[in-house]
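# Residue-level structure breakdown
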Amino acid sequence: MLKDGTYAAWYKTPFDQGTGIVHVADGQIWGRDSLMTYHGSCRVNGDRFTATVSTKRHTEGRDTVFGVYDELTLDIEGTCPGKIATYTATAGQAQGVVLEGTLILTEQPAAAPERTGEIPAFNPAKLPKLPKRSR
């Protein structure tokens, strides 16, 4: 099941490949990569999900993974049986080009345990001693 959270994204088309960051929360999906921002809505049904995402270029330079297209509407279909989702996407503006991608859920680090009690004062005399070396 595609859970709410932050995902590392990897995707490719016959033209190029790329990576980005995707956020999913409350039926919304948004993110960015080195060239584009994207936002839209997503629907989850068990292990399957669909999304409609609009893209917009934020940085000039090289072509996108769809070639010369800067603003697209992607129709996405995928599955997410665990922490890794796979999907395909197409855009009406780039007929015949299929994007394949992977989303990997970012795990949040566990919170550090709370300290209980006072921290003892530093006492260098309690440090272990190195053995004496003969010269």
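First things first, this report covers the structure right here in the doc. (Residues numbered from 1 in each chain as written. Predicted model: local features only at pLDDT ≥ 70, side-chain atom pairs only at ≥ 80, totals over all residues. Heavy atoms only, no water.)

### Regarding the overall build of the chain
Basically, it comes down to this: Strands are runs of DSSP state E lasting at least 2 residues, helices are runs of H or I lasting at least 4, and numbering of each runs from the N terminus. Put simply, the radius of gyration uses C-alpha atoms, and a globule should come to 2.2 Å times the residue count raised to 0.38. Note on contacts: a residue pair qualifies if any of its non-hydrogen atoms lie within 4.5 Å across the two residues. Here the open area of atoms and residues is found with the Shrake-Rupley method and a 1.4 Å probe, where only the protein chains shown may cover a residue. Only four residue types enter the charge count, namely Lys and Arg as positive and Asp and Glu as negative; His and the chain termini do not. To locate a charge, take atom NZ for lysine, CZ for arginine, CG for aspartate or CD for glutamate.
Broken down by element type, the chain carries 0 helices and 8 strands. Walking the chain from its N terminus toward its C terminus, one meets helices and strands in the order β-β-β-β-β-β-β-β. Relative to its length of 135 residues, the chain is extended, with a C-alpha radius of gyration of 24 Å against a globular reference of 14 Å. Viewed in the frame of its principal axes, the chain has a C-alpha envelope of about 80 × 40 × 25 Å. Of the contacts made within the chain by residues no fewer than 6 positions apart, 37% connect residues no fewer than 24 positions apart. In the form shown here, the chain has an accessible surface area of approximately 9,600 Å², with 55% of it arising from carbon and sulfur atoms. The averaged location of the 15 negative side-chain charges in the chain is 19 Å from the averaged location of its 15 positive side-chain charges.

### A look at the side chain of arginine 57
Counted only if it meets this: For the purposes of these results, a polar contact is taken to be a pair of N or O atoms within 3.5 Å, where, inside protein, one atom must be able to donate a hydrogen and its partner to accept one; residues adjacent in sequence count only when each atom of the pair is a side-chain atom.
Within the element layout of this structure, arginine 57 appears in strand 5 (residues 48-57). From its side chain, arginine 57 meets the backbone oxygen of threonine 59 in a polar contact 2.8 Å long. In terms of polar contacts, arginine 57 uses its side chain to reach the backbone carbonyl oxygen of arginine 62, at 3.1 Å.

### Overview of the pairing of strand 5
Operational definition: Only protein chains enter the accessibility calculation, which uses a 1.4 Å probe. A residue is then buried if its area is under 20% of the maximum for its type, exposed if over 50%, and partly exposed in between. Paired strands are those between which DSSP finds at least two bridges.
Alternating residues of strand 5 divide into Phe49, Ala51, Val53, Thr55 and Arg57, all buried, and Arg48, Thr50, Thr52, Ser54 and Lys56, none buried. If you look at the hairpin formed by strand 4 (residues 36-45) and strand 5, you'll find 2 residues sitting between the two strands, and glycine 46 has a positive phi there, around 65°. Note: strand 5 against strand 6 (residues 73-79), 7 bridges, orientation antiparallel. Across the sheet, residue threonine 52 finds its bridge partner in strand 6, namely aspartate 75.

### Some details on the nonpolar core
Grouped burial of nonpolar side chains is what soluble globular proteins tend to show. We count it as follows: Grouping buried Ala, Val, Leu, Ile, Met, Phe, Trp, Tyr and Cys residues that are joined through side-chain atoms within 4.5 Å yields what is termed a nonpolar core.
Residues Leu2, Val22, Phe66, Leu74, Ile76 and Leu103 are the most contacted members of the largest nonpolar core, which totals 29 residues. Taken together, the elements giving at least two residues each to this core come down to strand 1 (5-12), strand 2 (17-25), strand 4, strand 5, strand 6, strand 7 (84-91) and strand 8 (98-105). The dominant element in this core, judged by the number of residues it contributes, is strand 7, at 4 residues. The residues contacting valine 22, other than those within four sequence positions of it, are Gly5, Thr6, Tyr7, Ala9, Ile29, Trp30, Gly31, Tyr38 and Leu103.

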